[in-house]
Amino acid sequence: MRAQRAKGQHTMRRWNLAVGAMVALATTILVGTLAFAAPAAAPLPRDSVYQLSVPLTDQQARTADWRTRRGKPQLMAMFYTSCQYVCPLIVDSGKAVEHQLTPAQQQRLGILLISLDPARDDSAALKAVAVKRKLDPARWTLAAPRANDVRAVAGVLGVRYRALSDGEFNHTTALILLDRDGRILARTEKVGSQPDPEFIAAVRKAVGP
Amino acid sequence: MKQATRILAIAVAMALLLPACSGGDANKDKKADATATEDSGGSAKGDLGPPQGEPIKATLTAPPQVPPATGRKAPAKVIVELDVIEKDMPISEGVTYTFWTFGGTVPGSFIRVRQGDTVEFHLRNLPESKMPHNIDLHGVTGPGGGAASSFTAPGHSSRFTFKALNAGLYVYHCATAPVGMHVGNGMYGLILIEPPEGLPPVDKEYYVMQGDFYTTGKYHEKGHQPFDMEKAIEEHPTYVLFNGAEGSLTGDKALTAKVGDNVRLFVGNGGPNLVSSFHVIGEIFDKVWFEGGMRFQENVQTTLIPAGGAAIMDFHVEVPGSYVLVDHSIFRAFNKGALAILKADGAENKAIYSGKEVDYVYLGDRAQPNMQAVTTAAAAAKTGALSQEEQIAAGKALFGSTCATCHQPEGQGLEGVFPPLAKSDYIAADPKRVPSVMLHGLVGPVKVNGKDYNSNMPPMSQLTDDEVANVATYVLNSWGNPGGKVTAAEAAAIRKQTPASASAGH
Amino acid sequence: MRRRLALLLLCALPLAGLAGVAASRYVGLPGGTFRSALKYEDAKQGVRIAPFALMRKPVTNGEFLDFVKSHPEWQRDRVPAVFAEPRYLSHWPTPTTLGPTARPDQPVVWVSWFAANAYCESVGARLPTWSEWEYAAAADETRKDARKDPAWRERILSWYSRPSNEALPRAGLQAPNVYGVQDLHGLVWEWTDDYSSLLVSGDNRNQGDADKAKFCGAGALSMDDRENYAVLMRVAMLSSLEASNATTNLGFRCARSAPRGNTR
């Protein structure tokens, strides 16, 4: 059920975009590999979430498979930008976790918020949230997967959701901590500005002193 | 002989009394004394004298709120004005009912006075009411509990005065004939007569009252539902509810508390018929003043509240979460609506309750496949030339998974719906009917073992010829049927002929 | 007339075979507005279901074997743990053979959501949604909606009261329902695409729970039709599962959207 590609004058532009994206992707991979050579070269563990290939488009309109995040522990959660209830708390939770870390530790943790609603969460919408909540793009990535991948991503991360007829979502909330190779180390369903102490301990252990 | 018995009786009595006299274990003595000799004196001792001070107008509250403690140290004159209002309200989502109410709510307003108070009771029946009403307060000593003196026509007000002699939590209800109907329409509530020293203070007090409701329509059948007298007499309620409506204390209207609170519930049961097995899921009642009286039991999980009775219970909240109030006659909770929620907020306490800590794979001890199941499966799948025993074994397995759901595992059928196969005269008349009906179904009237059936059995044409042959052979050789054998070839031939009574099925 | 139809069918069968097994493997269901047994706050008048096709029977061991042979990354000794728990296809004697404990015509079980999803994608299909499943399962042999019939409910309950240590019968043993779909009840639990959208609380006595933060803006789903045990038990089962889980009674079948305007 792939969307039909538009024909005609847009094809050339798309082609350029595709090439550009591929170059960006290649560069990212190259940089990733150079910076964290040893872990990335080893075979991917069988219980790594990166076994699932998930191309993500982020708040800066870059598309990269989430596998490229391998090499650095990650804090992940699922949300959507038009969410009124708990999702603002998800950002608070991420910030609360960061607060518990030293600046050096913060540099060693990637934070990825994945949208449940790729139809409406395009790069502009994601960027608006990132700007509004003052999320440093060096550490925070807000990204949307392809529509067909949302259920699979939620499946590996253990998030449950239901799409409502008005475009809203009911969903469980969880912060998931992954190690360098994408294996789940810890998760907490406690969101808000009071972080779960056991989860924080796991984060500290993952990023090192 | 009589002399000896008397001496024995005296000896026994002395033996029992002696420990009390010798002052052995202090606690034991106290408890023994309390039950044996100490009581409040009942109504004879309940009169604390004439009322003092200015008359007070009682604060009445709508459920689930409770008026504050009276805080009085001396008897007073209390004026209670209670209206009777007949009104249509939702009983469940999309379902309305004509309730008859005290104070506009079901249950009616909560009345709180102190033992020894003189209560001047005004019962006002609104002019729009269709019926006359009265009130029987179980806390009143006097004819009808006040009912004899409060019979009030629409547009009138009655007044009577009583002195509250016995402390406790009491039901009040309308007692106009037919009483069951008035109660069944929601005319009940609670009056608390505080003991002279008051009740121990707590952080939250709530008012919950269970009632059974009888409507002509079924549970959740939408629209306006009238009262059904026959169901009420048969004691088959449609709804069993807390505070007169499904969901009255759930969602946004849930009761609230904080971790660390002492919570008190004043719980009544208006009936008219059912007894309640009242329980709060996830909590234990630290104290229950059972039956609304003066003694309490401790550490109670579920307490019986009789129809026309009440109970007071205190419990302390340790961990946050949603605590569900139910009638533990559990189908009432989940299929008739007897469910309410107390939501407690506050800090977690993992030492007391951890939540689900781990979910891990459990292999069980059957590492090997169930060989019995394997054999059965192999038997069921047999095809080709089989002996009669093999066919019967195979047919039995298939029958269990395909036919038994309607015809039952021993072929008994369901009277009036699915004909029996056991010792069936229909089969005995022509055994070939078994494979034929299996393959083509059966529609239209048929008489089996003297009973009439007129259903639609769909064709089981998805079964292979072997399967049909095996099941038919099993049926023919079971439960007193004539016996015999059906081969796959015969089944194939029957498949090609379609009788007139065949079902269209799909 | 019936005989002519039968003859026609006899001739058509080989043709159907040529057209591809897929032709008779699915049946079409018209869809429409459907009242779920679940209480959806956002769909009080019913759920809209677009026309779709559903497999007549659940996917069998034999069919799944073909799949893992042509997609070896889904064999049980090669599949990533994140896609399937350790007991995946544990009832097969080896990763690529069937045997007495796993006959080719039995519905395949011990499969995870990821494996089921991958199979459906490999045959150009998808898993059905919960609503599609519920809608198809409301039918009996002659009626589109048999749910109010106490006799039908009794049948379903008696299926559930069969002990589960009996061997699974072959797929396709039950009479087709009015749409032509078989085995929706009483054979195996079935994965749906959106199994994880059944947001119920672990203790689903909390109907009407005030906790709106639990599922971000809504409390847990509750049942509208409490006497529909078939659905109640399905919901309970599916809501307890994670995507990589597999059980001895859980299989699946695939669905396809109608060709026009198909989006998930």
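Residues numbered from 1 in each chain as written. Chains lettered and ligands numbered in written order. Predicted model: local features only at pLDDT ≥ 70, side-chain atom pairs only at ≥ 80, totals over all residues. Heavy atoms only, no water.

Engineer: When you look at the overall build of chain C in this model, what are you seeing that I'm missing?
Structural biologist: Broken down by element type, chain C carries 7 helices and 9 strands. Residue pairs at least 24 apart in sequence account for 73% of intrachain contacts in chain C once pairs closer than 6 positions are excluded. When the accessible area of chain C is evaluated, it comes to approximately 11,200 Å², of which 56% is carbon and sulfur surface. (Helix = DSSP H or I, 4+ residues; strand = E, 2+ residues; numbered from the N terminus. Contact = heavy atoms within 4.5 Å. Areas by Shrake-Rupley, 256 points an atom, 1.4 Å probe, with all protein chains shown as cover.)

Engineer: Can you help me understand the sheet that holds strand β9 (residues 188-194) of chain B in this one?
Structural biologist: Hydrogen bonds between backbone atoms are what pair the strands of a sheet, whose relative direction is either parallel or antiparallel. All names here are of chain B. Pairing within the open sheet is mixed, and its 4 strands lie in the order β4-β9-β8-β6. Every other strand in the sheet has two partners, leaving β4 (111-114) and β6 (136-137) as the edge strands with one partner each. As paired elements, strand β8 (residues 168-173) and β9 share 6 bridges and run antiparallel to each other. Bridged to Val171 within β9 is Leu190. (Pairing = 2+ DSSP bridges.)

Engineer: Would you mind showing me how to read the interface of chain C and chain A here?
Structural biologist: Where the parts come together, the accessible area they lose is often given as the size of the interface. Taken residue by residue, the interface counts 33 residues in chain C and 27 residues in chain A. Of the roughly 2,500 Å² buried at the junction of chain C and chain A (both faces included), carbon and sulfur atoms supply 58%. If you look at where chain C meets chain A, you find 2 salt bridges. Close ionic contact of Arg160 of chain A with Glu242 of chain C constitutes a salt bridge, the shortest N to O distance being 3.7 Å. When residues of the side of chain C that touches chain A are traced back to their parent elements, those giving at least two are α4 (113-122) and α7 (229-239) of chain C. (Buried area = accessible area lost by both parts, 1.4 Å probe. Salt bridge = Lys/Arg side-chain N within 4 Å of Asp/Glu carboxyl O.)

Engineer: Mind showing me how you'd approach the pattern of salt bridges here?
Structural biologist: Oppositely charged side chains can form a pair if their charged atoms are brought close together. All names here are of chain B. Summed over all chains, the structure comprises 39 salt bridges over all chains. Its salt-bridge partner being Lys447, residue Asp452 comes within 3.7 Å of it at the nearest N-O pair. Look at the salt bridges and you will find they share partners, linking Arg112, Glu194, Glu205, Arg264 and Asp314 into a network.

Engineer: How should unusual backbone geometry be read in this particular structure?
Structural biologist: Where the residue is not glycine, phi is negative for most of them; where a peptide bond is considered, it is trans in most cases. All names here are of chain B. That bond from Ala177 to Pro178 is cis: its omega, -10 degrees, falls within 30 degrees of zero. In this structure, Pro178 sits in the loop between β8 and α3 (179-184). Geometrically, the link from Gly271 to Pro272 is a cis peptide bond, its omega value of 20 degrees lying close to zero. Even without being a glycine, His220 presents a positive backbone phi close to 70 degrees.

Engineer: Just checking my understanding: could you explain the packing of helix α5 (residues 130-137) of chain C against α7 of chain C for this structure?
Structural biologist: Between two packed helices, the angle of one axis relative to the other and the distance separating the axes together describe the packing. All names here are of chain C. Here α5 crosses α7 at 155 degrees, and the two axes come no closer than 12 Å. Of the possible angle classes, the one that applies to α5 and α7 is roughly antiparallel. Of the two elements, α5 crosses α7, and the hand of that crossing is right-handed. Between α5 and α7, the residues in contact are Trp130, Trp133 and Glu134 and Val231, Arg234, Val235 and Leu238, respectively. Looking at the contact of α5 with α7 residue by residue, the class counts come to 5 nonpolar, no polar and 2 charged. (Axes fitted to C-alpha atoms, helices over the stretch in contact; angles between N-to-C directions. Parallel < 35°, antiparallel > 145°, perpendicular 65-115°, else oblique. Left-handed = near helix turned anticlockwise from the far one by under 90°. Nonpolar A, V, L, I, M, F, W, Y, C, P; charged D, E, K, R; others polar.)

Engineer: Looking at this structure, how should I read the pairing of strand β8 (residues 175-178) of chain A?
Structural biologist: On a regular strand, each side chain points to the face opposite its neighbour's, so the side chains alternate between the two faces of the sheet. All names here are of chain A. Where burial is concerned, the two faces of β8 agree: the one with Leu175 and Leu177 and the one with Ile176 and Leu178 are both buried. Where strand β3 (residues 74-79) lies against β8, 3 bridges are found, and the strand directions are antiparallel. Residue pairing in the sheet places Leu75 in a bridge with Leu177 of β8. Sheet topology places β8 next to strand β9 (residues 184-188); 4 bridges connect them, and they run antiparallel. Along β9, the bridge assignment pairs Ile176 with Arg187. A loop of 5 residues connects β8 with β9, the two strands running antiparallel in sequence, and Gly182 in this loop sits at a positive phi of about 85 degrees. (Buried < 20%, exposed > 50% of the residue type's maximum accessible area, 1.4 Å probe, protein only.)

Engineer: What should I look at first to understand the side chain of Arg264 of chain B in this one?
Structural biologist: All names here are of chain B. Structurally, Arg264 is set in strand β14 (residues 262-271). Overall, Arg264 belongs to the buried group, its relative accessible area being 1%. Among the polar contacts listed, one links the side chain of Arg264 to the backbone oxygen of Pro200, at a separation of 2.6 Å. One polar contact links Arg264 to Glu205, side chain to side chain, over a distance of 3.2 Å. Not counting the four nearest positions on each side in its chain, Arg264 is found in contact with Leu199, Pro200, Val202, Lys204, Glu205, Tyr206, Trp289, Ile312, Met313 and Asp314. (Polar contact = N/O pair within 3.5 Å; in protein donor to acceptor, adjacent residues only side chain to side chain.)

Engineer: Before we go on, may I ask you to explain the sheet that holds strand β10 (residues 204-213) of chain B in this structure?
Structural biologist: All names here are of chain B. Read across the sheet, 6 strands follow the order β12-β10-β14-β19-β16-β17 without closing on themselves; strand pairing throughout is mixed. Since the sheet does not close on itself, it has two edges, and those belong to β12 (239-242) and β17 (297-300), each with one partner. Each strand axis lies, on average, 25 degrees off the axis of its neighbour in the sheet, ignoring direction. As paired strands, strand β16 (residues 285-289) and strand β19 (residues 309-316) are joined by 3 bridges and run antiparallel to one another. Residue pairing across strands places Val288 opposite Met313, the latter belonging to β19.

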